[in-house]
Amino acid sequence: DEAAVRDFIARFLAGHAAALARAKDHAAEVQALSGPDAERLRARYDRELADARAFLNAEDVADAGERAKVRRLRAAILFIETNRDLPLLSWPGEILDGLIAAEQAMLVFRQRHARMVERVIGRRVGTGGSAGVEYLDQTALAYRVFKEIWRTRTLLLDPQLAPEPKQREFYGLRGE
């Protein structure tokens, strides 16, 4: 199982590197305003690839046993998101969408709540001596439950660059 996870991550990162190389070349040649601007854009794309590699390999997790679990979780989410067109993976994809929608609704509620509080009491000290609206604004986006799902959305690739699932027929409908 660990070998399959590592293989998927390696193949996915190869596709991600190809996508970023195209974007980096385009940005440096077409969008850059100057030589230093082109270098800044190249460095940004290089950091994005390094961040993706670190995220998928769970380098942010200190405990080795936990790191393997988190790596597997992140790879699984990305595998589902990448292959949601396959019948067996469509319903897990719907579950991931539902979790994101629920959290998004909570984020919208928090931001609207902050605006309502600002409208009612302004920017004075809040309940229990808190910073009031300032505290609500700072925490509206800070508390996320499904961070792994949100982060994998950043990594999604064009289908032609995504790794082909091994044993694709397993994820299809019987009779295909």
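Described in the following lines is the structure provided in the data block. The structure presented is a predicted model; accordingly, all values stated were derived computationally and were not measured.

**A short note on the overall build of the protein**
- For the protein, the count of helices and strands is six helices and zero strands.
- Helices and strands appear in the protein in the N-to-C order α-α-α-α-α-α.
- Computed over the C-alpha atoms, the radius of gyration of the protein is 21 Å, more than 25% above the 16 Å expected from 2.2 N^0.38 for a compact globule of 176 residues.
- Viewed in the frame of its principal axes, the protein has a C-alpha envelope of about 60 × 50 × 35 Å.
- Counting over 176 residues, the protein shows a buried share of 33%.
- Long-range contacts, defined here as pairs at least 24 residues apart, represent 66% of the contacts in the protein between residues at least 6 apart.
- As displayed, the protein offers around 11,200 Å² of accessible surface, 56% of which is attributable to carbon and sulfur atoms.

**So, the side chain of D37**
- Note on placement: D37 falls in helix α2 (residues 35-56).
- Note on D37: relative accessible area 13%, which makes it buried.
- There is a polar contact of 2.4 Å between the side chain of D37 and the side chain of R40.

**Some thoughts on the packing of aromatic side chains**
- Throughout the structure, instances matching the rule amount to four aromatic pairs.
- Measuring from ring centre to ring centre gives 6.0 Å for F8 and F12, while their planes differ by 40 degrees; the resulting arrangement is tilted. Here F12 and F8 lie together in helix α1 (residues 2-31), a separation of four residues that amounts to about one turn. Both residues of the pair, F8 and F12, count as buried.
- Ring geometry for F170 and Y171: centres 5.1 Å apart, planes at 90 degrees, overall edge-to-face.

Cut-offs applied
Numbering of residues starts from 1 in each chain and follows the order in which that chain's sequence is written. Selection of residues for local features in this predicted model requires a pLDDT of at least 70, selection of side-chain atom pairs for listing and counting requires 80 or more, and totals for whole chains, interfaces and linings are taken over all residues. Derived side-chain values reflect all non-hydrogen atoms in the structure, with water molecules and hydrogen atoms excluded from consideration. Secondary structure is summarised from DSSP: a helix means a run of H or I of at least four residues, a strand means a run of E of at least two, and numbering begins at the N terminus for each. For a compact globule the rule gives 2.2 Å times the number of residues to the power 0.38, and the radius of gyration it is set against comes from C-alpha atoms. The rule is simple: take the accessible area with a 1.4 Å probe, protein chains only, and divide by the maximum for that residue type; under 20% is buried, over 50% is exposed, in between is partly exposed. The contact definition used throughout considers only heavy atoms, calling two residues in contact when any of these lie within 4.5 Å. For the area figures, the Shrake-Rupley method with a 1.4 Å probe applies, and any residue is considered shielded solely by the protein chains shown. Counting of polar contacts relies on pairs of N or O atoms within 3.5 Å, with two restrictions inside protein: one atom must be capable of donating a hydrogen and the other of accepting it, and residues adjacent in sequence are counted only when both atoms are side-chain atoms. Aromatic rings from Phe, Tyr and Trp, taking only the six-membered ring of Trp, are treated as a pair when their centres fall within 6.5 Å; an angle between ring planes under 30 degrees marks them as stacked, one over 60 as edge-to-face, and anything in between as tilted.

Geometric descriptors of this kind do not, in isolation, establish any biological role.
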